[in-house]
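# Fold and geometry: a report
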Amino acid sequence: MAKIIAIANQKGGVGKTTTCVNLCAALSLMGKRILLVDCDPQGNASSGMGVSKTTRPNTYDMLISDKTAAECVVQTEYGDVIPASKELAAASVELIHAERREYVLKDKISALYSEYDYIFLDCPPSLELLTVNALVAADSVLIPMQCEYYALEGIADLLTSIKMCSKHLNKRLGIEGIVLTMYDARANLTTQVANELRKFLGDKVYTEVIPRSVRLSEAPSHGIPGVVYDRVNRGSKGYMALAVEFIRRNEK
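Everything in this summary refers to the structure shown in the same document. The numbering scheme is per chain: residues are counted from 1 as the chain's sequence reads. Side-chain atom pairs in this predicted model are given and counted only at pLDDT of 80 or more, local residue features only at pLDDT of at least 70, and totals for whole chains, interfaces and linings cover all residues. For side-chain calculations, the full set of non-hydrogen atoms in the structure is used, while hydrogens and water are omitted.

Turning our eyes to something else, we now look at the environment of Val244. We count a stretch as a helix when DSSP gives it H or I for four or more residues in a row; a strand needs E for two or more, and each element gets its number in order from the N terminus. You can see Val244 is positioned in helix H12 (residues 234–250). Classification of residues uses two cut-offs on accessible area relative to the type maximum, computed with a 1.4 Å probe and protein chains only: under 20% is buried, over 50% is exposed, and between them is partly exposed. Accessibility expressed as a relative area gives 43% for Val244, which makes it partly exposed. Residues Val244 and Met30, spaced 214 residues apart in sequence, show a C-alpha to C-alpha distance of 8.8 Å.

What follows deals with the packing of helix H1 (residues 16–29) against H12. Two quantities define a packed helix pair, namely the angle between the axes and the distance from one axis to the other. Direction vectors running N to C along H1 and H12 enclose 70°, while the axes themselves pass 9 Å from each other. One element, H1, and the other, H12, form an angle in the roughly perpendicular class. As H1 runs across H12, the sense of the crossing is right-handed. Facing H1, whose interface residues are Thr18, Thr19, Asn22, Leu23, Ala26, Leu27 and Leu29, H12 presents Tyr239, Met240, Leu242, Ala243, Phe246 and Ile247. Three categories are distinguished: nonpolar for Ala, Val, Leu, Ile, Met, Phe, Trp, Tyr, Cys and Pro, charged for Asp, Glu, Lys and Arg, and polar for the others, with Gly belonging to the last. The class makeup of the residues in the contact of H1 with H12 is 10 nonpolar, three polar and no charged. The angle between two axes is taken between their N-to-C directions and runs from 0 to 180 degrees, where each axis is a line fitted to C-alpha atoms and a helix contributes only its stretch in contact. Roughly parallel covers angles under 35 degrees, roughly antiparallel covers those over 145, roughly perpendicular covers 65 to 115, and oblique covers all other angles. Should the near helix be turned anticlockwise from the far one by less than a right angle, the crossing is termed left-handed; should it be turned clockwise, right-handed. We call two residues contacting when some pair of their heavy atoms lies within 4.5 Å.

What follows covers the pattern of salt bridges. Any two side chains of opposite charge can pair, so long as their charged atoms come close to each other. Any Lys or Arg side-chain nitrogen located within 4 Å of an Asp or Glu carboxyl oxygen qualifies as a salt bridge. Enumeration over the complete set of coordinates arrives at 14 salt bridges. Where Lys32 meets Glu251, a salt bridge forms, and the shortest distance between an N and an O atom there is 2.7 Å. On the criterion of sequence distance, the pair formed by Lys32 in the loop between H1 and strand E2 (34–38) and Glu251 in the segment after H12 is long-range, its members being 219 residues apart. For Glu251, a relative accessible area of 46% corresponds to the partly exposed category. Here Asp117 and Arg33 are joined by a salt bridge, their closest N and O atoms 3.3 Å apart. Of this pair, Asp117 sits in the loop between helix H6 (104–109) and strand E4 (118–122) while Arg33 sits in the loop between H1 and E2, placing them 84 residues apart in sequence. Taking the relative accessible area as the measure of exposure, Asp117 reaches 25% and is therefore partly exposed.

For H12, built from 17 residues, the straight-helix expectation of 24 Å at 1.5 Å per residue is met to within 8% by its first-to-last C-alpha distance of 24 Å. Restricting attention to buried positions, one finds in H12 the residues Gly235, Ser236, Gly238, Tyr239, Leu242, Ala243, Glu245, Phe246 and Ile247. Packing partners of the buried residues in H12 comprise strand E1 (3–7), H1, E4, strand E6 (174–181), helix H10 (214–218) and helix H11 (226–229). Contacts described as polar in this section are N or O atom pairs within 3.5 Å, which, within protein, must combine one atom able to donate a hydrogen with one able to accept it, while residues neighboring in sequence count only if both atoms come from side chains. The N-cap of H12, judged by a side-chain oxygen 2.8 Å from the amide nitrogen of Gly235 a few residues on, is Asn233. Helices are assigned an expected span. That span is 1.5 Å times one less than the residue count.

With that settled, the discussion passes to the sheet that holds E4. Whether two strands pair comes down to DSSP finding at least two bridges between them. Within the open sheet, the six strands sit side by side as E3-E2-E4-E1-E5-E6. Their pairing is parallel. The open sheet terminates on both sides in strands that have one partner only, identified here as strand E3 (80–82) and E6. The sheet shows a mean angle of 20° between the axes of neighbouring strands, taken without regard to direction. Note that E2 and E4 share five bridges and pair parallel. Across the sheet, Asp38 pairs through a bridge with Asp122, a residue of E4. Its contacts with the sheet put H1 on E1, E2, E4, strand E5 (140–146) and E6, and the angle it makes with E4 is roughly 165°.

Structure representation (structure tokens):
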């Protein structure tokens, strides 16, 4: 039975999609059965896994039409993907009048639970209906965040949103963990923010951090996850180490 993890942060530019793509690829390289469901209309997780944004059927077709989740799966060398494109932005509007509108994604992907070890849901950088669907479908939320003051402010809002979703829509929803991204150990602010997070959230903050890496930024333009594009750069090593810690936490 798969564990479902939503990767979310209401603040953009924190490495959310980069974390989703590279963690999926790293786990796949370690022999885990992985599915990435792209729930972001930007479709960056899809292209980062080497899947064209024009691929159909996709997440939009799965949510809005009678296409099954299995029909939308695209196999890649780095894990399976249900891709997204800009059409997905319309789904938030079209789902408004749907019956059980918050549960559409969960109902659709439930047929795939036995096929994978982990299913990752890459969320839009906002708390809209697509993100709510992901939170309802998920067992836990993985939160990538940059070590800066505004990100620290935003994390409180996100934790409140998760708590509300857990109370009213998905009682099993919990925090998978917080991943510190774009980490610069030379900056005092980075250290201060990391220390504050660990003070208040304890072991919910992953030990492994993801350093800044130009090579990770280059990888999407080649349609390859960073951990495959350049396995020896600091960012790739960070994600491989994160995958090891992720497995250790989940297989205790």
